[in-house]
Amino acid sequence: MSTALIILAAGKGTRMESDLPKVLHRIAHAPMLWHAMRAGLAVDPEETVVVAGHEAAQVEASAKDFDPQVKVVIQAEQLGTGHAVAQAKNALQGFDGNAIVLYGDTPFISEDTLLAMLAARKTHDIVVLGFEAADPGRYGRLLCSGETLERIVEFKDATDEERAITLCNSGVICADSTVLFNLVDAVGNDNASGEYYLTDIVAIARARGLSATVVRCDERETLGVNSRAELAVAEWLFQKNRRAELMADGVSMAAPDTVYLAWDTVIGRDSEIEPNVVFGPGVTVENEVRIRAFSHLEGAHVSRGSIVGPFARLRPGAELGENVHVGNFVEVKNAVLHEGVKANHLTYLGDADIGARTNIGAGTITCNYDGVFKHRTVIGADAFIGSDTMLVAPVTLGDGAMTASGSTITEDVPAAALAVARARQENKPGLAKKLFDMLKARKAKMVKGAS
Ligand code: UD1
Ligand code: MG
């Protein structure tokens, strides 16, 4: 049976104290909304509907960045979660299957949990995701008799006895989509908040003779974000979980707590990440790579056997072939370093293509920017770039070319040629000693004058 996702994301998020809608605040470099949308991919949804309201245009643009097929509907006034779900009805006209309601601010619902809910749907009309809360606070409470969920009561409307219940509502609900919309239509707003509560559908369903049950998950999965402090907790939890997953998949980290991953970081088996490494978005690292301490990577690909860092920076478009070495204080941007290239010290390689096994000497810089345009530097295979070479782009160096240290290369260098582009050295015999003597005498005079 096919599945549709309805992701609620209309709320303002007042406690974020932000001009940015809450669901666009980032965890591991991706908007919270993307985490929720990605979690939903576990059920292979046929349709995804995002309900936007506050700053809807921004939310819509972000949702479509993640999935161009997504449907975005507008809830102009935030009249409650039940009202929000009702806004998705037209978008799902003609859809026949299960609908799962997720919240855009609850980013960590796991694949196993969503699959367990779909499994429970086979025997129950309504499936609600619940959790045992260490501190149930203001969550809605789940009122069960045995396996049957009878009703959900919101904290504000609950009696003291009901508030003592620790089994809480996560907000995630699964039902046949036609059934869901019929039930939501029947929800009123006669309650403590004057809102249309999605949670009321359970009691309505029971009164109609439909069955409802609870699937339980770990409280950490239902972590919601309402403030910057909770955003930091969500970030912490994401990092902790993702590091653990990577280590379980064969990645070594001597100090995992100091490694910062992005939502989409991929690292292959038998790779090693040293302490204090930061991954921005869009990084893929193959097997048997060593990322040494204090390196920063974003939008980069590192192939098998390469060594990056310590203190290296890979920026977007950095593409490292196999067994490449990028050492300390080397920055690579929009550049392909083919197999076996070595750039070990103090270098900037931007907008460049560097052939296999070429050695880039310390202090080499591709002068790629003329103040208006960016230009490319192309270097062939097996070349040797002497230390402190300035490569003024656009410039091309052939296979096996060599540049003398300190050269400023402004013209192409043919294959196998040596380019020397610096002033010729002149030695003046005895002149150093003469200069030193003169300077020392001047200093001695000054010291005497001062005393
Ligand atoms: C809701 C549940 C509560 C549950 C809790 C879990 C209801 C009535 N209550 O309460 O049982 O324990 O979540 O976190 O459902 N939203 C809209 N439009 C609206 C209202 C809300 O899109 O009109 C979105 C919000 O942006 C948010 C989500 O729905 O993503 C939940 O809304 P929120 O106001 O946080 O509900 P809670 O009061 O926390
Ligand atoms: Mg909430």
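Note that the structure is a prediction, hence the values are computed from the model and not measured.

**Focus: the overall build of the protein chain**
Here's step 1: Assigned secondary structure in the protein chain consists of 9 helices and 33 strands.
Here's step 2: Principal axes of the C-alpha set define a box for the protein chain whose edges measure 105 × 65 × 40 Å.
Here's step 3: By the burial criterion, 48% of the 451 residues in the protein chain qualify as buried.
Here's step 4: Per element, the accessible surface of the protein chain, about 21400 Å² overall, is 52% carbon and sulfur.

**A closer look at the layout of surface pockets**
Here's step 1: Its volume calculated, the largest pocket comes out at about 1500 Å³.
Here's step 2: Lys-22, Thr-81, Tyr-103, Asp-105 and Asn-226 are the residues nearest the centre of the largest pocket, which is lined by 41 residues in total.
Here's step 3: Counting only elements with at least two residues in the lining of the largest pocket, the list comes to strand S1 (3-9), helix H3 (81-86) and strand S10 (167-176).
Here's step 4: Split by residue class, the lining of the largest pocket holds 11 nonpolar, 18 polar and 12 charged.
Here's step 5: Reported here for the second largest pocket is a volume of approximately 590 Å³.
Here's step 6: Taken together, 20 residues line the second largest pocket, and the ones lying closest to its centre are Phe-108, Ile-109, Ser-110, Glu-111 and Glu-245.
Here's step 7: Secondary structure elements with two or more residues in the lining of the second largest pocket: helix H1 (32-40), helix H4 (111-121) and helix H8 (228-248).
Here's step 8: No other element matches H8, which puts 6 residues into the lining of the second largest pocket.
Here's step 9: Class assignment of the residues belonging to the lining of the second largest pocket gives a composition of 9 nonpolar, 3 polar and 8 charged.

**So, helix H6 (residues 177-185)**
Because each turn of an α-helix spans 3.6 residues, side chains separated by three or four positions in sequence point in the same direction.
Here's step 1: All of the buried residues along H6 are Ser-177, Leu-180, Phe-181, Leu-183 and Val-184. Along the axis of H6, the buried positions cluster into a sector of 160°, meaning they face one direction only.
Here's step 2: Residues of H6 that are buried sit in contact with S1, H3, strand S6 (98-103), strand S7 (126-132), S10 and helix H7 (201-207).
Here's step 3: At the N-terminal boundary of H6, the capping side chain belongs to Asp-176, with an oxygen 3.0 Å from the backbone nitrogen of Thr-178.

**Topic: the pairing of strand S24 (residues 342-354)**
Here's step 1: Looking at chain direction, strand S23 (residues 325-337) and S24 are connected through 10 bridges and run parallel. Following the sheet pairing, Val-330 is matched in S24 by Thr-347.
Here's step 2: Sheet topology note: the S24/strand S25 (residues 359-360) ladder contains 2 bridges and is parallel. Within S25, the residue paired with Ala-343 across the bridge is Ile-360.
Here's step 3: Both S24 and strand S27 (residues 377-379) contribute to a ladder of 3 bridges, which runs parallel.

**Observations concerning the packing of H1 against helix H2 (residues 56-66)**
Here's step 1: Relative orientation of the contacting elements H1 and H2 amounts to 45°, with a least axis distance of 10 Å. As the angle between them shows, H1 and H2 are arranged oblique. Crossing of H1 against H2: the hand is right-handed. For the pair H1 and H2, the contacting residues are Leu-33, Trp-34, Met-37 and Arg-38 in the first and Val-59, Ser-62, Ala-63, Asp-65 and Phe-66 in the second.

**Here's the deal with the side chain of Thr-358**
Here's step 1: Mapped onto the secondary structure, Thr-358 falls in the loop between S24 and S25.
Here's step 2: Its relative accessible area of 0% is what places Thr-358 among the buried residues.
Here's step 3: With sequence-adjacent residues up to four places away left out, Thr-358 is seen in contact with Gly-340, Val-341, Lys-342, Ile-379, Gly-380, Ala-381, Asp-382, Ala-383 and Ile-385.

Conventions we followed
Per-chain numbering applies: the sequence of each chain, read as written, is numbered from 1 onward. Following the order in which they are written, the chains are lettered starting with A and the ligands numbered starting with 1. Residues qualify for local features only when their pLDDT is at least 70, as the model is predicted, and side-chain atom pairs are given and counted only at 80 or more; totals for whole chains, interfaces and linings, by contrast, use all residues. To obtain the side-chain values, all non-hydrogen atoms of the structure were included, while hydrogens and water were left out. Strands are runs of DSSP state E lasting at least two residues, helices are runs of H or I lasting at least four, and both sets are numbered from the N terminus onward. We call a residue buried when its accessible area falls under 20% of the maximum for its residue type, exposed when it is over 50%, and partly exposed in between, using a 1.4 Å probe and counting protein chains only. Areas reported here follow the Shrake-Rupley algorithm with a probe of radius 1.4 Å; residue values treat only the protein chains shown as occluding. For each structure, a 1 Å grid was placed over the protein atoms alone; sets of points admitting a 1.4 Å probe that cannot get out are labelled cavities, open sets with protein on both sides within 12 Å along at least five of seven lines are labelled pockets, and lining residues have an atom within 4 Å of a point. Grid points are joined across faces, edges and corners, and a volume is the space filled by probe spheres set on the points. Each residue is assigned to one of three groups, with Ala, Val, Leu, Ile, Met, Phe, Trp, Tyr, Cys and Pro labelled nonpolar, Asp, Glu, Lys and Arg labelled charged, and all others, Gly among them, labelled polar. Relevant arc is that of directions from the helix axis to the C-beta atoms, nothing else. Contacts are assigned to residue pairs that have any heavy atoms within 4.5 Å of one another. Here a polar contact is recorded for every N or O atom pair within 3.5 Å, except that within protein the pair must consist of a potential hydrogen donor and a potential acceptor, and residues adjacent in sequence are included only if both atoms are side-chain atoms. Should DSSP find at least two bridges between two strands, the strands are taken to pair. To get an axis, a line is fitted to the C-alpha atoms, and for a helix only the part in contact is used. The angle between two axes follows their N-to-C directions and goes from 0 to 180 degrees. Each angle receives one of four descriptions, namely roughly parallel if under 35 degrees, roughly antiparallel if over 145, roughly perpendicular if within 65 to 115, and oblique otherwise. The hand of a helix crossing depends on one turn: near helix anticlockwise from the far one by less than a right angle means left-handed, and clockwise means right-handed.

Nothing here speaks to function; it is all geometry.
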